[in-house]
Amino acid sequence: MALFSKRLPHVLTRKDLALIVAPTYAASASVDFDEAQDRMERALNTARVADELYAGLSDALRDAQGSRTTEDELIDKLSAGVLKRRSRVKAAELTPAISAAMVLVNLEIGMAPEMMRGALETPKGRALLREGLHALGAHLLRELIR
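We now turn to the structure provided with this report. (Residues numbered from 1 in each chain as written. Predicted model: local features only at pLDDT ≥ 70, side-chain atom pairs only at ≥ 80, totals over all residues. Heavy atoms only, no water.)

Here we come to the overall build of the protein. When helices and strands are tallied, the protein shows 8 helices and 0 strands. Counted from the first residue to the last, the protein has its helices and strands arranged as α-α-α-α-α-α-α-α. The C-alpha radius of gyration of the protein comes to 14 Å, within 12% of the 15 Å expected for a compact globule of 146 residues. Considered along the principal axes of its C-alpha atoms, the protein spans approximately 45 × 35 × 25 Å. Per-residue burial over the protein gives 46% buried out of 146 residues. The long-range fraction of contacts in the protein, counting pairs at least 24 apart against all pairs at least 6 apart in sequence, stands at 76%. For the protein, the exposed surface amounts to about 7400 Å²; the carbon and sulfur share of it is 53%. (Helix = DSSP H or I, 4+ residues; strand = E, 2+ residues; numbered from the N terminus. Rg over C-alpha atoms; globule rule 2.2 N^0.38 Å. Buried < 20%, exposed > 50% of the residue type's maximum accessible area, 1.4 Å probe, protein only. Contact = heavy atoms within 4.5 Å. Areas by Shrake-Rupley, 256 points an atom, 1.4 Å probe, with all protein chains shown as cover.)

This paragraph deals with unusual backbone geometry. The backbone phi angle of Ser 30 is positive, close to 55 degrees, even though this residue is not glycine. Looking at the secondary structure, you find Ser 30 in the loop between helix 2 (14–29) and helix 3 (33–43). With a relative accessible area of 68%, Ser 30 lands in the exposed category.

Turning to the pattern of salt bridges, a few remarks are in order. Applying the stated criterion across every chain, the model contains 15 salt bridges. For Arg 7, the salt bridge goes to Asp 76, with nearest N and O atoms at 2.7 Å. Placement of the pair is Arg 7 in the segment before helix 1 (8–11) and Asp 76 in helix 5 (residues 71–85), with a sequence separation of 69 residues. When its relative accessible area of 42% is taken as the criterion, Asp 76 is described as partly exposed. A salt bridge links Arg 48 to Glu 121, with the shortest nitrogen-to-oxygen separation between them at 3.5 Å. With a gap of 73 residues between them, Arg 48 in helix 4 (residues 47–64) and Glu 121 in helix 7 (residues 115–121) connect regions that are remote in the sequence. The exposure class assigned to Glu 121 is partly exposed, which follows from its relative accessible area of 45%. Salt bridges here are not isolated pairs; linked through shared partners, they connect Arg 48, Glu 52, Asp 59, Arg 62, Glu 121, Arg 126 and Arg 130. (Salt bridge = Lys/Arg side-chain N within 4 Å of Asp/Glu carboxyl O.)

As a further point, take the nonpolar core. Ranked by size, the top nonpolar core spans 46 residues in total, and within it Leu 17, Met 40 and Leu 78 carry the most contacts. Looking at this core, the elements that each hand over two or more residues are helix 1, helix 2, helix 3, helix 4, helix 5, helix 6 (96–108) and helix 8 (123–144). The contact partners of Leu 17, leaving out residues within four places of it in the chain, are Leu 12, Leu 44, Leu 53, Tyr 54, Leu 57 and Leu 140. (Core = buried A, V, L, I, M, F, W, Y, C linked by side-chain atoms within 4.5 Å.)

Along the chain, the position of Gln 37 falls in helix 3. Under the relative-accessibility criterion, Gln 37 is labelled buried at 19%. If sequence neighbours within four positions are ignored, Gln 37 has contacts with Ala 18, Leu 19 and Ala 22.

Below you can see the structure in the form of structure tokens.
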């Protein structure tokens, strides 16, 4: 999956991504915010988690882009939102799809049983994961771009 913009990882760094996903992770794992942020930072050190979260955000950005909005305008709005609101992002509603995205995070940091990896690799699991990453990306955009 191609990034929406090559600027995305620069506008929303892995550290910022960890910060804005941490509230959702905290809710899903029943841990406090600091622990959630620490785990998200560890997870985002793996290429797979970073790639998957950026892909979900890219899908959501494509959906949000209107016919008259340029890629740069949307990324500029995201950049402003990250600077203003990154520490005030609320947790996403924990649907089965978003929970699948959180399972991926747990797998990559060794906090979930390996058998869960097999569940995510099935066609149904992969579809649920894609849906969850997209829904999480859309939630994060709603929180950051106002």
